[in-house]
Amino acid sequence: MKQDRENLLDLRPADVVARLRTFAAEHDVAAYRGNQVARRLWTTPVRSFAEIAELPAAFREHLDTAFVLPRLELVTRQESADGTQKFLFRLPDGESIETVTIPDGNRLTACISSQAGCALQCAFCATGAMGFARNLAPWEIAGQVRELMLLDPPLRPTNVVFMGMGEPLMNWRNVDVALTLLNDPAAIGIGARHITVSTVGVLPGIEALAARPEQFRLAISVHAPLDELRQKLMPVNTKYPLASVIAAARGFVRRVTFEYVLLGGVNDAQDHAARLAALAIACGAFVNLIPLHPGGSRGFSQSTPGATAAFARTLRARGVEVAVRKSRGLDISAACGQLRVERLGRRPPTRAHEDADVHVA
Ligand code: SAH
């Protein structure tokens with residue numbers, strides 16, 4: 001039965017090799033054939049077993065009977081004048097997710113999704129407005145990069161950021177496996193220091209990420225230096241208040257990045273900058289100042305260039321390392337959730353605690 005075929009893309013590389021070597025032996029084929037198949041899942045990926053030309057034809061057919069290599073269906077691809085590209089993928093159950101690629105010199109950063117929708121409802125975020133549908137499986141997370149590698153011509157990301165749709169640390173069980181698929185040289189093989197997990201500050205997830213031996217990077221969405229304001233912008237602040245998030249950032253095994261979206265007249269005053277500087281210094285954090293991506297951001301406006309420069313100056317004067325990000329892909333609505341909202345409209349929001357599929361660590 002085709003439906004019962006085992007999905008090889010949800011297994012960690014070590015497990016997949018063991019499984020395929022056993023399978024080869026069961027089909028009277030040398031065990032190293034199993035390693036050959038494993039390499040074609042992620043490292044130099046194929047669309048189907050039939051494409052693995054180095055295998056005997058009969059073995060390819062056996063593989064096809066027992067296993068499946070599921071695909072994400074590319075629905076839309078848009079390219080910005082600045083080279084940023086945005087992809088909308090449809091999942092097997094009809095949900096859709098976005099992936100963005102951002103070229104920068106020799107680097108190509110893939111911005112990937114970890115959930116279909118998001119339960120957190122940050123006030124300025126288009127994904128928050130569409131509500132939460134479900135967690136992505138490991139293959140659907142790492143598979144976004146796999147699909148880029150299967151394009152003709154292929155795109156090969158050098159960096160990955162979990163800054164697409166969803167809160168990665170509320171889907172830790174699957175993000176944990178996806179990180180291995182992205183990083184392991186036997187799978188995609190992107191260096192851990194080139195993979196950044198971005199979170200609103202889900203504490204158990206931060207601990208789980210810290211417990212991994214690889215040097216994955218952590219970015220924390222701070223967005224306000226005071227609880228009262230952060231609460232308005234990010235309702236999740238009730239569950240993970242600023243002080244607890246800052247303490248987790250300070251305790252993290254490696255240097256963290258603070259993300260701070262500048263919202264004109266809301267969080268961009270000098271007093272905010274001074275308070276943010278104190279928090280950043282307490283954690284030794286690097287600060288990324290992000291211009292608001294206007295599409296879908298309901299009622300907020302960008303900080304003026306003057307306010308942005310003054311904000312950065314205040315941080316620097318206090319000894320904080322700061323980068324002011326450029327908005328990329330403005331002409332293609334390339335911020336979190338914007339393409340899906342354009343194409344499919346919004347859904348009524350659901351809340352995380354009402355959905356059994358949301359889990360941390
Ligand atoms: N849930 C995670 C990761 C996904 S969002 C997190 O919140 O960190 C990645 C980043 O994009 C977050 O810092 C988020 O606040 C920011 N973001 C969301 N909407 C944005 C917009 N319209 N303009 C700029 N940044 C936005």
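Parameters and conventions
Residues numbered from 1 in each chain as written. Predicted model: local features only at pLDDT ≥ 70, side-chain atom pairs only at ≥ 80, totals over all residues. Heavy atoms only, no water. Helix = DSSP H or I, 4+ residues; strand = E, 2+ residues; numbered from the N terminus. Buried < 20%, exposed > 50% of the residue type's maximum accessible area, 1.4 Å probe, protein only. Contact = heavy atoms within 4.5 Å. Areas by Shrake-Rupley, 256 points an atom, 1.4 Å probe, with all protein chains shown as cover. Lys, Arg positive; Asp, Glu negative; His and termini not counted. Charge placed at Lys NZ, Arg CZ, Asp CG, Glu CD. Near = heavy atom within 4 Å. Polar contact = N/O pair within 3.5 Å; in protein donor to acceptor, adjacent residues only side chain to side chain. Nonpolar A, V, L, I, M, F, W, Y, C, P; charged D, E, K, R; others polar. Domains from an automatic or database assignment. Buried area = accessible area lost by both parts, 1.4 Å probe. Salt bridge = Lys/Arg side-chain N within 4 Å of Asp/Glu carboxyl O. Pairing = 2+ DSSP bridges. Axes fitted to C-alpha atoms, helices over the stretch in contact; angles between N-to-C directions.

(A) Expanded view of the overall build of the chain. When helices and strands are counted, the chain shows twelve helices and 14 strands. Dimensions of the chain along its principal axes, counting C-alpha atoms only, are 70 × 45 × 40 Å. Burial statistics for the chain: of 361 residues in total, 56% are counted as buried. The long-range share in the chain, meaning contacts at least 24 apart out of those at least 6 apart in sequence, stands at 68%. Accessible surface computed for the chain: about 15,100 Å², of which carbon and sulfur atoms make up 52%. Placing the 41 positive and 36 negative side-chain charges of the chain at their respective mean positions leaves the two points 5 Å apart.

(B) Broad picture of the site of the ligand. Residues in contact with the ligand amount to 18 residues; listed here are only the nearest, E167, S198, S221, H223 and H293. Side-chain polar atom of E167 to a nitrogen atom of the ligand: 3.0 Å apart, as the coordinates give it. Taking H293, its main chain carries an N or O atom lying 2.8 Å from a nitrogen atom of the ligand. In isolation the ligand exposes 530 Å². Once the protein is present, 93% of that is buried. Where the shell around the ligand is concerned, the elements lending two or more residues are β10 (195-199) and β12 (257-262). When the residues that make up the shell around the ligand are grouped by side-chain class, the tally is nine nonpolar, seven polar and two charged.

(C) Quick look at the side chain of H272. Among the structural elements, H272 can be located in helix α10 (residues 270-283). Classification of H272 by relative accessible area gives buried; the value is 14%. In this structure the side chain of H272 is engaged in a polar contact, spanning 3.5 Å, whose partner is the backbone nitrogen of D268. The residues touching H272, leaving out its near neighbours within four places in the chain, are P225, L229, Y260, V266, N267 and F311.

(D) Examining the domain arrangement of the chain more closely. One can read the domain layout of the chain as domain 1 (6-68) and domain 2 (73-354). Distance from the C-alpha centre of domain 1 to the C-alpha centre of domain 2: 34 Å. Facing the 13 residues of domain 1 at the interface are 18 residues of domain 2. Summed over both sides, the interface of domain 1 with domain 2 buries roughly 1,400 Å², with 59% coming from carbon and sulfur. Together, R12, P13 and W42 form the three largest contributors to the area buried by domain 1 at its contact with domain 2, with a combined 44%. Applying the counting criterion to the domain 1 and domain 2 interface returns one salt bridge. At the boundary of domain 1 with domain 2, the tally comes to seven residue pairs in polar contact (both at pLDDT 80 or more). Residues of the side of domain 1 that touches domain 2, tallied by class, amount to seven nonpolar, two polar and four charged.

(E) Region of interest: the sheet that holds strand β4 (residues 85-90). Read across the open sheet, the ten strands follow the order β3-β4-β5-β6-β9-β10-β11-β12-β13-β14; overall the sheet is mixed. In this open sheet, the two edge strands, each paired with only one partner strand, are β3 (73-79) and β14 (322-324). This sheet shows a mean twist of 20° between the axes of neighbouring strands, independent of strand direction. Pairing geometry for β4 and strand β5 (residues 96-104), over six bridges, is antiparallel. What sits directly across from K86, in β5, is V100.

(F) Inspection of the pairing of β3 at higher detail. Of the pairings in the sheet, the one linking β3 to β4 comprises six bridges and is antiparallel in character. Counted as the bridge partner of T76 is L88 from β4. Counting the residues in the hairpin turn of β3 and β4 gives five residues, including G83, whose phi is positive at 95°.

(G) Local environment of the pattern of salt bridges. In this structure the tally under the stated criterion is 15 salt bridges. A salt bridge links R19 to E6; the shortest N-O distance between them is 3.1 Å. Of the two residues, R19 sits in helix α1 (residues 13-26) while E6 sits in strand β1 (residues 6-7), which places them 13 residues apart along the sequence. By relative accessible area, R19 is classed as partly exposed at 27%. Note that E54 and R40 form a salt bridge whose closest N and O atoms lie 3.1 Å from each other. Here E54 is found in the loop between α2 (32-39) and α3 (57-66), whereas its partner R40 is found in the loop between α2 and α3, with 14 residues between them in sequence. Judged by relative accessible area, which is 34%, E54 ranks as partly exposed. Exposure remark for R40: the relative accessible area of 18% places this residue in the buried category. Each of the salt bridges in this network shares a partner with another, and the network as a whole consists of R12, D176, R212 and E214.

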